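Below, each chain spelled out in residue letters.
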Amino acid sequence: MSYDPAARRDTPLALKLKSRIAATGSMSVREYVHACLRDPEHGYYRTRPAIGEGGDFVTAPEISQVFGELIGLWAAIVWQQMGSPPRLKLIELGPGRGTMLADALRATRTVPGFHASLQLHLVEDHVGLRAVQQQTLANTPVRPTWIASADDILAQEPAAGGAEPWETPAIVLANEFVDCLPQEQYVRHDGGWLRRRVALDSYGHLAWDLEPPLEDPAAPKPREVAALDALFPAAREGDIVEPAEHAWIDDWVAPWRSAAALVIDYGHVATSAGDTLQAVRGHAYEHPLTSPGEADLTMHVDFAAVARQALTFAKLQVDGPVTQAEFLGALGVAERASRLMAANPGKAGAIEAGVARLMAPNGMGTRFKAIGIRSRHLHPLPGLAGVDNGRFPP
Ligand code: SAH
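Residues numbered from 1 in each chain as written. Predicted model: local features only at pLDDT ≥ 70, side-chain atom pairs only at ≥ 80, totals over all residues. Heavy atoms only, no water.

**Considerations on the sheet that holds strand β13 (residues 296–298)**
Here three strands make up an open sheet; going across it, the order is β12-β11-β13 and the pairing antiparallel. Looking at strand neighbours, the two that pair on one side only are β12 (284–286) and β13, the edges of this open sheet. Neighbour-to-neighbour, the strand axes of the sheet open up by a mean angle of 35 degrees, direction not taken into account. Judged from the three bridges that link them, strand β11 (residues 278–281) and β12 form a sheet pairing that is antiparallel. Along β12, the bridge assignment pairs A279 with E286. (Pairing = 2+ DSSP bridges. Helix = DSSP H or I, 4+ residues; strand = E, 2+ residues; numbered from the N terminus. Axes fitted to C-alpha atoms, helices over the stretch in contact; angles between N-to-C directions.)

In structure tokens:
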């Protein structure tokens, strides 16, 4: 999206960042996005309602209850594949309004022993959304706790019967969470790579810039820059690339002896060049430098990078990615929707429209992908590798 100077808004954060840049120099894309989302005074996550019709964007669980219900059944099947352990950590990263979890818990109440096993842990740094989650989940049979790191879980959880807390198996869910994690961008320049930065133009407005080239071209390249040549061998002058890091896998999936994670997000299955940083405010796209702190900033997820991190660094196994439509289809979305429609004839039209939106071939159904990450000794995950559905009645 091009930068329309007339649309530029002097938000409180824009003023703060401009004086910071004037004083200490330009900031990298990751630093800029981090400030836009998390500035303690003006960050988007501090100040905005974000999700839902009254917020800036709508997510799958807010579109149809069937989404969270199927995720719940997915988790219950994985728990059974793990041997129905007596205790299970169910961790959700970025639960938004808590809707997916509420639907998941409702759909699984008939699965014998599942709820009794659950320890619910929510990871949420949006203060307002944490309060919404508390409300949404107030009447669920299992009480959640809010945590900031895996260590918090280990500190809360006593050893049981000789088993250490990290031995309790974990299921990790993340819908539209990974796209929120700020990443760096680099630009192909003169056969090398320069980090993209946010600086001030000659009028004192926020503008894209590049870090200066190394003074000594023969000096050894920093490791992350050297890796770019291998990741983007066909890059041309001016191409923008996003070599994403996925430390959340090490933080949330790798620590447990047995873990399975389901990640759903928009993005691409192969690593390729392209600027995917986007800003959404009031359900419309705008240039990412337009309204610092008042628009949601995200990047598309490179699922190949997620898989590389899981396989190489975290020594886990990967199932998928598949499209959201393939994943929900494999879990029986059509059957579930028709049963729900039969039980609620008055809402049949809305149910059908919601599911159609999740499955749309040129929309969410294909733009969104699902990937599974699991400990190597666990079975392949349902809907992602080998289909397993229809095990539980609604
Ligand atoms: N999963 C929800 C919400 C998606 S929006 C849904 O599908 O509706 C992204 C969510 O992740 C929000 O709840 C946001 O506040 C949270 N979030 C983003 N980055 C985070 C971080 N680094 N730590 C904790 N929560 C984060």
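There's plenty left to go through after this.
**A few points about the pairing of strand β6 (residues 186–189)**
Sheet analysis places β6 next to strand β7 (residues 192–200), joined by four bridges and oriented antiparallel. Paired with Y186 across the bridge in β7 is R195. Connecting β6 to the antiparallel partner β7 that follows it, the hairpin turn spans two residues, and D190 within it adopts a positive phi of roughly 55 degrees. Bridging between β6 and strand β9 (residues 240–241) involves two bridges; their strand directions are antiparallel. Considered in β9, the bridge of V187 is made with I240.

**Here's the deal with the nonpolar core**
Counting 48 residues, the largest nonpolar core has W74, I171, L262 and F327 as the members making the most contacts within it. The contact partners of I171, leaving out residues within four places of it in the chain, are W74, A75, V78, W79, M82, L88, K89, L90, I91 and A260. Among the nonpolar cores identified, the runner-up in size contains 30 residues, and I153, A174, W248 and W256 belong to it. (Core = buried A, V, L, I, M, F, W, Y, C linked by side-chain atoms within 4.5 Å. Buried < 20%, exposed > 50% of the residue type's maximum accessible area, 1.4 Å probe, protein only. Contact = heavy atoms within 4.5 Å.)

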